[in-house]
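Listed below, chain by chain, are the residues.
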Amino acid sequence: MQINRTALFRASCLSLLVTSLSFGIRAGILGKLGTDFQLDESQLATITATAFWGFPLAVVIGGFIVDLIGMKRLLVMAFVFHLAGILLTVFASGFWTLFISTLLIGLANGTVEAACNPLVASLYTDEKTTKLTHFHLWFPGGIVIGTLIVTFFNQFGLSWQIQVGMMLIPTVIYGYLFSKLDFPVTERVASGISTAGMYKALASPLFIFMFICMFGTAITELFTGQWIEVLLKNVTQNALLLLTLTNGVVFLGRAFAKPVLKAVTPQTLLLISAILAALGLYMLGHLSGTAVFGGAVIFGMGVCFFWPTMLGFVNTNLPATGALGLNLMGGAGMFAVSLYTIFMGGFYERIQKEAGGDTTLAGKSVLDATLVIPCILILAFAGLVIYMKGKAKKAQLPCRSSFIDIYIYSFTKAMDIKSIAFVFYDTFVSNL
C-alpha cells in the first residue's frame, strides 16, 4: 500500500473547503431564505442550528467507528451526504426541505471532520498542531470564498440556488480524489494503544477540562460568524463583508501557524486568543460605521487558533485519546453551537419585539450576551497555562537527591527561595 500523504492532505483540505463553503454561503443567503420562504428568525435559527447538531452527531459516531471501518469509508459517506444535501437545498420548497438538506450537509461536515482530523494527525505525527492548523485554515478560507460568491453573484442578480450549486464542483473533485488514494490506519491503531487505554485517557481531568472549554471556543467562533449578517445588518451596510474580513484574518493567521507555535506554547496561544476574541466581540457590539471593521480584525485574530489548537493540544498531550478524542472535541463544540444558536434565535426575536422591532438593539444584546463566554475562557486558559508550567517544572525535578543536589538544582534552574522549597518538598516529603 502506497501512502501519498501530500495528496491525502490536499484532498482533505478540499473536503473541508466544501464544509466551510456551506457555512459561508448559508450565512450570506440566510436573509433571502427567510424572505423567499416566509420564515421568521426562530425558524431560521432552527434551520441554521440543524447543521450544528448534525455535525456533532456525525463526528461522534464517526469517532467511535473510524478505527473499525477506516477513514476512507467515512469520507465516501461524507461525499454522499454532501451531494444529497446540496442538491436538496437547491430544490428546496420550504422549511422542512431546508431543514433536511441542512441536516444532511451537517452530517457530511461532521463526517469530514471525523475522518480528516485523525488522518492529518496520523500523517504528521511530528507536527500535529501545526498541520491541523494548516488543514483548518481552509475553513475560514472557504467562508471567505463563500461570502465572496454571495456578494458577487448578487451583483449580477444570480439566484441563491446557483450560489449553493457552486459547492458541487469541489464536492465531486474531493470524492474522486479520495476514491483513488490509499489510506493509513489511525495513529492509535498504529501505536497499539488498546481501547481500554483510550477510554482511560478520555476520563482524565485534563481531557474533561478541554472538552468543556471547547463549548466556549466553538460558540465564540462559529455562532458569531454564522449570525453576523443578521446581528449587524443595521449597524453597517456591509455586514456580510465583516464575515469575509474576519475569516480572511483567520485564514492568514493559520497559514503562519508554524512560526507562531514556535514562539508560544499552545496553552499560551489559547489564552491570548481568548483575550483578543473578547476585545473584538466587545468592539463589534459597541462600535459603528467603519470602526466595526477594526473590531472584526481583532475578533478574527482572537478566534484564529481556537479550533485547531484545542484539537492539537489534546492529541499532543493526550495521544491515547486517539481519533475518538479528536472527534469528541469537535462534536462538543458543534453541539454547543447548535443549542446556543436555537436559544439565541428566540432571545433575538424577543428583544426585537420588546424594542419595537429595533434589530440593532437586538443584535447588540446578543453580542453582549455572547461576550461573557470568552471572558470565562480567559480565566480558564490562564489556569491552564499555570497548570502546564507546573507540570513541566515538576517533570524536570530530580526524584531523589542529596541536600547538595537540591540546592545546586534550585539555584541553577530557578534562583529563588520558592523553587528551593518546592524542590525540597518534592524530593523528601513526596518520597517518604
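This one's a predicted model, so the numbers in the text were calculated from it and none came from an experiment.

*Asks:* Break down the overall build of the protein for me, with residues and values.
*Replies:* Summing up its helical and strand segments, the protein has 20 helices and zero strands in all. Within the span of the protein, comprising 432 residues, buried residues form 56% of the whole. Relative to all contacts within the protein whose residues are 6 or more apart in sequence, the contacts with residues 24 or more apart total 83%. Summed over its atoms, the accessible surface of the protein is roughly 18000 Å², and 69% of this surface lies on carbon and sulfur atoms.

*Asks:* With reference to specific residues and values, describe the packing of aromatic side chains.
*Replies:* One pass over the structure, following the stated rule, counts 14 aromatic pairs. With a centroid separation of 6.0 Å and 70° between ring planes, the pair formed by F37 and W160 is classed as edge-to-face. You can see F37 sitting in the loop between α1 (5-36) and α2 (41-69) and its partner W160 sitting in helix α7 (residues 160-165), a full 123 residues away along the chain. A relative accessible area of 4% places W160 in the buried class. Relative to W96, the ring of F95 has its centre 5.1 Å away and its plane inclined at 85°; by these criteria the two rings are edge-to-face.

*Asks:* Explain α2 residue by residue, including any values.
*Replies:* Over its 29 residues, α2 runs 40 Å from end to end, which matches the ideal 42 Å to within 8%, given 1.5 Å per residue. In the structure, α2 departs most strongly from a straight axis at G63, where the bend amounts to approximately 40°. The residue sitting at the N-terminus of α2 and contributing the capping side-chain oxygen is D40; that oxygen lies 2.8 Å from the backbone nitrogen of Q43.

*Asks:* With reference to specific residues and values, describe the state of the cysteines.
*Replies:* Across all of its chains, the model carries zero disulfides by this definition. In this structure C116 is a free cysteine whose sulfur lies 8.4 Å from that of C13, the closest cysteine sulfur available. What makes C116 buried here is its relative accessible area of 0%.

*Asks:* So what's going on with the pattern of salt bridges? Residues and values would help.
*Replies:* Overall, the coordinates contain three salt bridges when judged by the stated rule. D67 serves as the salt-bridge partner of R188, at 2.9 Å between the closest nitrogen and oxygen. With a gap of 121 residues between them, R188 in helix α9 (residues 187-191) and D67 in helix α2 connect regions that are remote in the sequence. Assessed through its relative accessible area of 9%, R188 is described here as buried. When the shortest N-O distance is used, the salt bridge between E221 and R254 registers 3.3 Å.

*Asks:* Help me get a handle on unusual backbone geometry, residues and values and all.
*Replies:* One can expect most non-glycine residues to show negative phi and most peptide bonds to be in trans. With a phi angle near 55°, Q38 is a residue other than glycine that sits in the positive phi range. Within the secondary structure, Q38 is located in the loop between α1 and α2.

*Asks:* Go over the packing of helix α16 (residues 306-317) against helix α17 (residues 322-354), please, and point to the residues and values.
*Replies:* Two elements in contact, α16 and α17, have axes whose closest approach is 10 Å; the angle formed by their N-to-C orientations is 150°. As the angle between them shows, α16 and α17 are arranged roughly antiparallel. As for the relative orientation of α16 and α17, their crossing is right-handed in sense. In this structure, α16 contributes W307, M310, L311, V314 and N315 to the contact, and α17 contributes G322, L326, M329, G330, G333 and M334. Of the residues that constitute the contact of α16 with α17, the class distribution is seven nonpolar, four polar and no charged.

*Asks:* Which residues make up a nonpolar patch on the surface, and what values go with them?
*Replies:* On the surface, a nonpolar cluster with roughly 480 Å² of combined accessible area is contributed by L148, F152, F156, L158 and I162. Along the chain, F152 turns up in helix α6 (residues 138-155).

*Asks:* If you had to explain the environment of A27 to someone new, which residues and values would you point to?
*Replies:* Structurally, the position occupied by A27 is in helix α1. Taking C-alpha positions, A27 is 8.0 Å from G225, a pair spaced 198 residues apart along the chain.

*Asks:* Describe the environment of G300, listing the residues and the values that go with them.
*Replies:* When you line up the elements, G300 lands in helix α15 (residues 291-303). A C-alpha to C-alpha distance of 9.9 Å links G300 and L252, two positions 48 residues apart in sequence. With near-sequence residues (within four places) excluded, G300 lies in contact with T246, V249 and V250.

*Asks:* Help me get a handle on the nonpolar core, residues and values and all.
*Replies:* Nonpolar side chains tend toward joint burial in soluble globular proteins. Residues M210 and F381 are the most contacted members of the largest nonpolar core, which totals 118 residues. Of all the elements, α1 adds the most residues to this core, at 15 residues. Not counting chain neighbours up to four residues away, the residues in contact with M210 comprise L270, M310, F313, V314, M329 and L384.

What counts as what
- Residues numbered from 1 in each chain as written.
- Predicted model: local features only at pLDDT ≥ 70, side-chain atom pairs only at ≥ 80, totals over all residues.
- Heavy atoms only, no water.
- Helix = DSSP H or I, 4+ residues; strand = E, 2+ residues; numbered from the N terminus.
- Buried < 20%, exposed > 50% of the residue type's maximum accessible area, 1.4 Å probe, protein only.
- Contact = heavy atoms within 4.5 Å.
- Areas by Shrake-Rupley, 256 points an atom, 1.4 Å probe, with all protein chains shown as cover.
- Phe/Tyr/Trp six-rings, centres within 6.5 Å; stacked < 30°, edge-to-face > 60°.
- Expected span 1.5 Å × (residues − 1).
- Bend = angle between axes of the 7 residues up to and from the residue.
- Polar contact = N/O pair within 3.5 Å; in protein donor to acceptor, adjacent residues only side chain to side chain.
- Disulfide = S-S within 2.5 Å.
- Salt bridge = Lys/Arg side-chain N within 4 Å of Asp/Glu carboxyl O.
- Axes fitted to C-alpha atoms, helices over the stretch in contact; angles between N-to-C directions.
- Parallel < 35°, antiparallel > 145°, perpendicular 65-115°, else oblique.
- Left-handed = near helix turned anticlockwise from the far one by under 90°.
- Nonpolar A, V, L, I, M, F, W, Y, C, P; charged D, E, K, R; others polar.
- Patch = residues over 30% accessible without salt bridge, like charges linked within 9 Å, V, L, I, M, F, W, Y side chains within 5 Å.
- Core = buried A, V, L, I, M, F, W, Y, C linked by side-chain atoms within 4.5 Å.

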